[in-house]
Every structure is written in structure tokens, then in C-alpha cells.
Amino acid sequence: MITQPAKVESQMDDAAAAAPGPAADVRTGVDLPAVEGVHALARAARVAARKLATATTSAKNNALNAIAYALLEQSEAILAGNARDLEVAKANGMAPGLQDRLLLTRERLEAIAESISDVVALPDPVGEVVRGQSLPNGLRVRQTRVPMGVVGMIYEARPNVTVDAAVLALKSGNAVLLRGGSAAQNSNKALIAAIKQGLTNAGFSADLVATVDPWGREGARALMQARGLVDVLIPRGGAGLIQAVVRESTVPAIETGVGNCHVYVDESADLGKAHAICMNAKTHRVGVCNAAETLLVHSAVADQFLPGLLRDLAGVNVVLHGCPKTVSLASEHANGIEVLPATEEDWQTEYLAYEVAVRVVDSLDQALEHVRAYSSGHTEAIVTASIEAARRFTTEVDAAAIAVNASTRFTDGGQLGLGAEIGISTQKLHARGPMGLAELTTTTWIIEGDGHVRV
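In this text, all values refer to a predicted model and were calculated from it rather than measured experimentally.

Each value, and the rule that gives it
Residues numbered from 1 in each chain as written. Predicted model: local features only at pLDDT ≥ 70, side-chain atom pairs only at ≥ 80, totals over all residues. Heavy atoms only, no water. Helix = DSSP H or I, 4+ residues; strand = E, 2+ residues; numbered from the N terminus. Rg over C-alpha atoms; globule rule 2.2 N^0.38 Å. Buried < 20%, exposed > 50% of the residue type's maximum accessible area, 1.4 Å probe, protein only. Contact = heavy atoms within 4.5 Å. Areas by Shrake-Rupley, 256 points an atom, 1.4 Å probe, with all protein chains shown as cover. Lys, Arg positive; Asp, Glu negative; His and termini not counted. Charge placed at Lys NZ, Arg CZ, Asp CG, Glu CD. Patch = residues over 30% accessible without salt bridge, like charges linked within 9 Å, V, L, I, M, F, W, Y side chains within 5 Å. Salt bridge = Lys/Arg side-chain N within 4 Å of Asp/Glu carboxyl O. Axes fitted to C-alpha atoms, helices over the stretch in contact; angles between N-to-C directions. Parallel < 35°, antiparallel > 145°, perpendicular 65-115°, else oblique. Left-handed = near helix turned anticlockwise from the far one by under 90°. Pairing = 2+ DSSP bridges. Right-handed = clockwise from strand over helix to strand, strands pointing away.

Undergrad: Mind showing me how you'd approach the overall build of the protein here?
TA: Helix and strand counts for the protein stand at 16 helices and 16 strands. The C-alpha atoms of the protein give a radius of gyration of 24 Å, which matches the 23 Å a tight globule of 455 residues would have. Expressed as a percentage of the 455 residues in the protein, the buried residues total 54%. By sequence separation, contacts in the protein at least 24 residues apart represent 73% of the contacts at least 6 residues apart. Total accessible area computed for the protein in this model is approximately 19,600 Å², and 51% of it derives from carbon and sulfur atoms. Looking at charge distribution, the protein has the averaged site of its 39 positive side-chain charges lying 5 Å from that of its 50 negative ones.

Undergrad: Would you mind showing me how to read a negative patch on the surface here?
TA: Together, Glu107, Glu110, Glu114 and Asp118 line one region of the surface with negative charge. Structurally, Glu110 is set in helix H6 (residues 106–121).

Undergrad: Explain the packing of helix H3 (residues 57–73) against helix H8 (residues 185–201) to me, please; I cannot follow it from the model alone.
TA: Packed helix pairs are specified by the crossing angle of their axes together with the interaxial distance, meaning the distance between the axes. Running from N to C, H3 and H8 point in directions that differ by 135°, and their axes come no closer than 7 Å. With respect to H8, the axis of H3 lies oblique. Like other packed secondary-structure pairs, H3 and H8 cross with a definite hand, here right-handed. Of H8, the residues touching H3 (which contributes Ala63, Ala66, Ile67, Ala70 and Leu71) are Leu191, Ala194, Ile195, Gly198 and Leu199.

Undergrad: Where do I start with the pattern of salt bridges in this structure?
TA: A pair can form between side chains of opposite charge whenever their charged atoms are brought close. Here the structure, examined in full by the defined rule, presents 19 salt bridges. A salt bridge links Asp231 to Arg46; the nearest nitrogen and oxygen atoms lie 3.0 Å apart. Here Asp231, found in the loop between helix H9 (216–224) and strand E6 (232–236), pairs with Arg46, found in helix H2 (residues 34–52); they are 185 residues apart in sequence, far enough to count as distant. Relative accessible area serves as the criterion here: at 26%, Asp231 is assigned to the partly exposed category. You can call Arg46 partly exposed: its relative accessible area is 23%. For Asp100, the salt bridge is made with Arg108, and the minimal N-O distance between the two is 2.7 Å.

Undergrad: Honestly, the sheet that holds E6 in this entry has me stumped. Any pointers?
TA: Where strands meet in a sheet, backbone hydrogen bonds hold them as pairs that are either parallel or antiparallel. With parallel pairing, four strands are arranged side by side in an open sheet as E5-E4-E3-E6. A strand with exactly one partner marks an edge of an open sheet, and here the two such strands are strand E5 (209–211) and E6. Sheet twist, expressed as the average angle between the axes of neighbouring strands with direction ignored, equals 20°. Note that strand E4 (residues 175–179) and E5 share three bridges and pair parallel. Residue pairing for E5: Val176 is matched across the bridge by Val209. Where H2 meets the sheet, it contacts strand E3 (150–155), E4 and E5, and its direction lies at approximately 150° from that of E4. Contacting E3 and E6, helix H10 (residues 239–248) runs over the sheet at an angle of about 160° to E6.

Undergrad: Explain the pairing of strand E8 (residues 292–298) here, please?
TA: For a regular strand, side-chain orientation follows a simple rule: the groups alternate between the two sheet faces. Among the seven residues that make up E8, seven are buried, leaving the element largely enclosed by the rest of the structure. Pairing of strand E7 (residues 261–265) with E8, which is carried by five bridges, proceeds in the parallel orientation. Directly across from His262, in E8, lies its bridge partner Thr294. In terms of handedness, the path from E7 via helix H11 (residues 271–283) over to E8 forms a crossover that is right-handed. As defined by bridge partners, E8 adjoins strand E11 (residues 355–361) across five bridges and the pair is classed as parallel. For Leu296, the partnering residue across the bridge sits in E11 and is Arg359.

As C-alpha cells, then:
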């Protein structure tokens, strides 16, 4: 149960309290041009982040608890803002799966607030010694985790990300600047107001969490160009958004999660388990990056396995695209369920909708070839009873996460014990897979001597 944390005296020192004035001009409006306004927010965030970097774990945890309480205290305003966003989304013809991603219910908001306690319970990464040793010359060296500083986030129609990004950034000692997109602007405005209230109640600067949404796309561009003021930028959304940030940003960016994810049902698979995994991976939530978009089935079990799966997928209104063998099986053994002939585009598509592509393959090698050709490197799954097939799949597939006899839906920070995630990295530098607290830190080498000089 979330209870109201006691208010505490300000965590800011005199320098932070006297933060440069320009940010004050942009907290309630867009009087300043985008670049000037966003950069003013970033400068204020840097001042606040320097103080946060020295805060104790207990003080940071108290701030997170205060945020959780404020989210519930201001739930009516948050849900009202979300209702306005959904009304616009429906009028604009947003896909049902994306509407579901945008939707906040009272239960979802309560779950978001409760999930903050999971982050509170996690170890604080700041100050953790990654490695260290005493050298023969007497120097003592250690590599220690420290905050990034100011983190930028650009994302689309995902109100939960607003909270996840804020609490993970704060717990790891960072300030965060958010661009949540026009589709969720009313939801995010209310959420950020509650987060700022929680910070203030806990004695921290409200400048630690800010939004550039008032400047729209120009604000996003200004955030991408704030090199030297923002330390790292994390885009989270569709392929177009992610690639735009990677191309245009002068701030170092971490490429995240387009999810063209596959489930391969091997010839040795337990077909009951395979059925449940395929249904869950595709239909549990279709508008998320770890939903399965293509199902690959070994030809040795296709006749037995696919008709029932196709019927059940069609029964929950999943549009089916299939290879010739899949089309034939549907026609002959699945009550004539319509399966559209799959095109090359289908194998490449992250549907984020009630649609799936299905292909029958003749071997594990053919399945691996398909995954290598079309995977986005997010999450790939195999259902098999063969230790050798599982070994080959986990060794030969190049992805941020690989599931064996489990749904792709488990590639999630909360599900993997990280408390929450700020995104799922599909790159190979710094961070890969779900990014939690540790991935929002960098390291500093501390070298301690006693008058040592190099000769």
C-alpha cells in the first residue's frame, strides 16, 4: 500500500536553489523559442542533477515514494487528461493496439504507482564498484558507477514511460527531459505535474523532471541538438522515430526497440506449450515491441499444430498472413479460415496490431536463416524439447533477448527483475536489452596514491 511520505526539508543547497532564471520563463508556457527554452530547461536540470548526485539512497527512495503518492492523489486529473487524448486518438483513427498502449485506467495507474516500490527496493547503482585492485606500485584503483547527468527521452503515446523514465532516472542520480509526443500530451502534462509535486514534497528540485512537449516537434529537435547540456538521448517508439533520432541527434543516442520478433516452433516442441506461447506472444498486448509478429513452424508438426492455432488466432480477430503451405492448411483443415498470402513486406513488418505472419519451414537451419534475414534484433523465441536445437538457437541468433520455451513478452524490465525499464536497447554499445538502473549510469576510474608520479 502506498502511503503519504513525510515532507522533508529541501535537498537543494543554496546554489541549486538559486538556479539560473531562464528556466522559470518556460515552466508555464512557451514564451521562449524552442532552442532557447529547451536549453534553459537543460541547464536548470544540470544544476539540479549535480545536487541529486550527492543525495543518499534513502533520500532518493523517499522522493520516489512521494511521486507514487502524488500520482494517486492526482489520479482524477491524470485520467481526465488521458480521456481527452483517447478521444482525439479515436477521432484520428489510431489503431486499436496503439490506443491500448495509450490507455490509462484507474487500475493501470495504480499498477504504475505500485511499480515504483519495485524500483525503491532495488539496490542503488551509484557508487557501486565495478572492479578494482591494488597495483604493484601501491596505487589503489577502482571503477565506480556514477550518474550520466541529464538524460533525454523521446517517445510516442506511452504514458507509462513518463513515469518509468522519471523514477529510473532519479534513482540512478539523473535529471530527465521528456518529449512524450502530441498523442499523449494531456496525459503526460498531468503525470509530470504529479511527479514534480512529489519531488517538491520530498525536498528536491522540480527541475529534475521536465517536458519539452510545449514546443512540439521543434522541442524534440532542440533536445536532439542539446549536445553538452544533455548527456544521452534515448528514443523509444516506432522505426521512423528511432531512425530520425539516430540520424539527426548530436547528443549521443542509444538505439532502442523496433520489435520484429519471431517465435519458432521446432519439430520436437511440446505442442500444447507451443500453442500457449504463440497465443500469448501475439495477443497478450499487440501494441508493444516484444509482441511476436512472425510465427515459424517446422513442417514436421505443421499439419498437427497450425490448424488449431490459426483458428484460435482468427477467433480473437487476428489478421493472418501466411506462406503457401499455411494458406493451404487453413483452407483444408481450419474451416476455411482466411489467410492472406504473405508478401516480402509482411516478413519485414512490425505490425503492432492484431496481425501476424506465419511461415512453415523445413528445418531449424531454415528458421535461423529467416530470423537472420528479418529480425530487428529485439527478442526471438524457440519452443523445443531438444537441448541441441536450443543451444544452436541461442548461439546463432543475434538478438538482445532470446527466449527458450517462453513467450517473447517477458523481455521487459519489470519482468526480468529490473523494477522497470527506460527502453530496450537493440544496439551493442554500452547497453543491450532492457535498460534499468545500471544502464543509466556510466563509470569513473578513481586512482588513489601517496605522492605517486609516473616514471
